[in-house]
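Next come the chains, spelled out residue by residue.
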Amino acid sequence: MATETIIARIDPKDPDTEVIKRAGDIIRAGGLVAFPTETVYGLGGDALNAGSSELIYAAKGRPSDNPLIVHIADIKDLTFIAKDIPDEAYLLADKFWPGPLTLIFHKTDRVPERTTGGLDTVAVRFPSDPIAQLFIAFSGGFIAAPSANISGRPSPTTSAHVTEDMDGRIDMILAGDDSLIGLESTIVDLTSDHPVILRPGYITYEMLKEVIPTVTMDEALLSADEHTRPKAPGMKYRHYAPKGELTIVKGSSSDVVKYINEKICEDSASGLKTGVIASDETKDEYSADAVLSFGASGDEASAAHRLFDLLRQMDDLDADRIYSESFDETGLGSAIMNRLTKAAGHKIIEV
Ligand code: TXA
Ligand code: MG
């Protein structure tokens, strides 16, 4: 599928609306455009056009039972694609939209099943990124967009990541700044008897609970058993995986450093290239071939922002064995640990 990809640099402080209009025309004609959002870059197509969704799956190499999120830029458009909208939705939308929250509703017939992976529900997000909003509006209002990575790779948080994965596969890339947040949106299902978090994100369980006290986490997210089937189809796939083997190490800082350094010695003796994902405070204590920092210890916003880039850098460095320090599973830490755990294929060591 060799396509000439237009890479258009967009200055978020002074976006060229002509370029974004051109992107909108591509979508209306059934093409694909990658665009920045506050979470990660999205790979957009017309959500109401089954053919566009088909192209998205092909460009990503994504299994077609994994539904796409429909992005809107005006809350009034919600009822066009979603029905049986509960009151909780408006409470959540009031507080967190536009922003990094995706809500799942029953869908109307206007949304093709190709977009929802055969489900009769639809995931909807109203992003806060101004370029994303302009692009959605110029495209007709409904953009289906998964993260703009090749299926299985870390989500793209810079336009360079998008180019790396999508050049030659899609019509256009709107190249803006690095993604502010760096992890995909929180997903909340509003189609069962109470709201359920299917994917943790920047909008945390604690924040959601303040608005909807009955909200719970999908059991599959809490289960240590990787075979419990999650309700968001995409959550069952191995994801974000670097090429090297990633292990998360939990424990007191000194025990973690000691354990990882022992492993590095063994790996090096076997001729393997090693990498460590550490904090600013601990990074100098490791003897690995490459040590990358997620930021100051406990700075979860920085860790979220950098995580996917760090995983991609480990690939660029050809690390065979990668060790990562861990995060407390509260607040934003839950989302970071969710992505790290998947990247590690559930390989976690407690020391
Ligand atoms: O932040 C984000 O959400 C980014 C940006 C581009 O907006 N998008 C994103 O899309 O992360 P994607 O396709 O990489 O992840 C969508 C997730 C998948 O795990 C999918 O299974 C789930 O949402 N999902 C979508 N529709 C669903 C539905 N109707 N029911 C349950 N899960 C759904
Ligand atoms: Mg994705």
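Refer to the structure presented above.
In what follows, the accompanying structure is described. For clarity, every value in this text was computed on a predicted model and none was experimentally measured.

Considerations on the environment of Ile10
- In this fold, Ile10 is placed in the loop between strand 1 (6–9) and helix 1 (17–28).
- Residue classification places Ile10 among the buried positions, given a relative accessible area of 1%.
- For the pair Ile10 and Ile20, spaced ten residues apart in sequence, the C-alpha separation works out to 8.6 Å.
- Discounting residues that sit within four places of it in the chain, Ile10 has contacts with Pro15, Val19, Ile20, Ile131, Leu174, Ala175 and Gly176.

Quick word on the sheet that holds strand 16 (residues 321–325)
- Ordered in space as 15-14-16-13-17, the five strands form an open sheet in which the pairing is parallel. The open sheet is flanked by strand 15 (290–293) and strand 17 (348–350), the only strands paired with a single partner. Within this sheet the neighbouring strands show an average axis-to-axis angle of 20 degrees, counted without direction.
- Here strand 14 (residues 274–278) runs beside strand 15; their pairing, made up of four bridges, is parallel. Among the inter-strand pairings, Ala278 is bridged to a residue of strand 15, identified as Ser293.
- Of the strands in this sheet, strand 13 (245–250), strand 14, strand 15 and strand 16 are in contact with helix 10 (residues 300–316), which crosses strand 15 at around 170 degrees.

Criteria and thresholds
Residues numbered from 1 in each chain as written. Chains lettered and ligands numbered in written order. Predicted model: local features only at pLDDT ≥ 70, side-chain atom pairs only at ≥ 80, totals over all residues. Heavy atoms only, no water. Helix = DSSP H or I, 4+ residues; strand = E, 2+ residues; numbered from the N terminus. Buried < 20%, exposed > 50% of the residue type's maximum accessible area, 1.4 Å probe, protein only. Contact = heavy atoms within 4.5 Å. Pairing = 2+ DSSP bridges. Axes fitted to C-alpha atoms, helices over the stretch in contact; angles between N-to-C directions.

Limitation: the analysis is restricted to geometry and does not speak to function.
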